[in-house]
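In case you want the letters, here they are:
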Amino acid sequence: WPLHLRLPNFYLLLKRLSRALKAPSPAYAYRPCSYASSTSTFLPDSSICAPKASISSPSRNFCSRPSNPGNDDHSQGPAPIDYRSSLQEDEFHRLADSTIHDLLEKNEEYADSINIDGFDIDYGNKVLTLKLGALGTFVVNKQTPNSQIWMSSPVSSPSRFDWDRDAQTWIYRGNKANLLKVLERELEQLCGKPISLL
């Protein structure tokens, strides 16, 4: 639109805004809010103004926590132990690589002492895969973001192990199980012959 045609519309808009912002009529007398007398908040007098619903709408609580967490026993579980705070990344790699390489060597020796169809050990891309044919497959790998070793097992559910400085081994924080002992027990259960991983 040309400037001379736009200006009248602009002035008309300003005029309407100025009328809308003028003081309200006596029918909408304002009084101080009864629950906030120490502030300058004003609300229309409910006895003379328009419907109450338009003044106070129901409040909504968008908080993700329970409104009274002290009475909710199921609101939070126990705080997880953060083992990462004491394990630097280079130390994690050194410990995890050492553990996985040790598992690789000991399982290769173990493979020579048992007769399982389809028994195969593979290590690549920082992942140790131990195949027991029809008996299932173990997978052990590093999880650098969590400073953990993860193990998938055909016997138990997948587990995440953290380094425990006191025990000097990888521990599953859920039940304090030792990674090496869990693997020993499950391999013996499946293959019928004990193995020493410690």
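This one's a predicted model, so the numbers in the text were calculated from it and none came from an experiment.

### Thoughts on the nonpolar core
Nonpolar side chains in soluble globular proteins tend to end up buried together. Counting 30 residues, the largest nonpolar core has M151, W170 and L187 as its most contacted members. Looking at this core, the element that brings in the most residues is helix α2 (residues 89-113), giving 7 residues. Filtering out sequence-adjacent residues up to four positions away, L187 remains in contact with N107, Y110, L130, L132, F138, G192, K193 and I195.

### Digging into α2
A rise of 1.5 Å per residue sets the reference length of α2, with its 25 residues, at 36 Å; its end C-alpha atoms lie 36 Å apart and thus fit the reference within 8%. Inspection of α2 places E91, F92, L95, A96, D97, T99, I100, L103, L104, N107 and Y110 among the buried residues, and these make up the whole buried set.

### Concerning the pairing of strand β7 (residues 159-164)
With 5 of 6 residues buried, β7 is to be regarded as a mostly interior element. Taken together, the 4 bridges between strand β6 (residues 148-152) and β7 define a ladder with antiparallel strand orientation. Bridge pairing in β7 links W150 to R160. In this antiparallel pair of consecutive strands, β6 and β7, the connection spans 6 residues. Of the strand pairs in this sheet, β7 and strand β8 (residues 169-172) are connected by 4 bridges, and their pairing is antiparallel. Counted as the bridge partner of W163 is W170 from β8.

### Considerations on helix α3 (residues 179-191)
Across its 13 residues, α3 extends 18 Å between first and last C-alpha, which sits within 8% of the 18 Å expected from 1.5 Å per residue. What α3 keeps buried is the set L179, L180, V182, L183, E184, E186, L187 and C191. Between the side-chain oxygen of the N-cap and the backbone nitrogen of L180 there are 2.9 Å, and the N-cap of α3 in question is N178. Directly after α3, the chain includes G192, whose backbone phi takes a positive value near 80°.

### Side note on the pairing of strand β3 (residues 119-124)
Across 6 bridges, β3 lies against strand β4 (residues 127-132) in antiparallel orientation. Note that in β4 the partner of G124 across the bridge is V127. Where β3 hands over to β4, the hairpin turn is made up of 2 residues, of which N125 adopts a positive phi near 55°.

Scoring rules and cut-offs
Residues numbered from 1 in each chain as written. Predicted model: local features only at pLDDT ≥ 70, side-chain atom pairs only at ≥ 80, totals over all residues. Heavy atoms only, no water. Core = buried A, V, L, I, M, F, W, Y, C linked by side-chain atoms within 4.5 Å. Buried < 20%, exposed > 50% of the residue type's maximum accessible area, 1.4 Å probe, protein only. Helix = DSSP H or I, 4+ residues; strand = E, 2+ residues; numbered from the N terminus. Contact = heavy atoms within 4.5 Å. Expected span 1.5 Å × (residues − 1). Pairing = 2+ DSSP bridges. Polar contact = N/O pair within 3.5 Å; in protein donor to acceptor, adjacent residues only side chain to side chain.

Geometry only, nothing functional implied.
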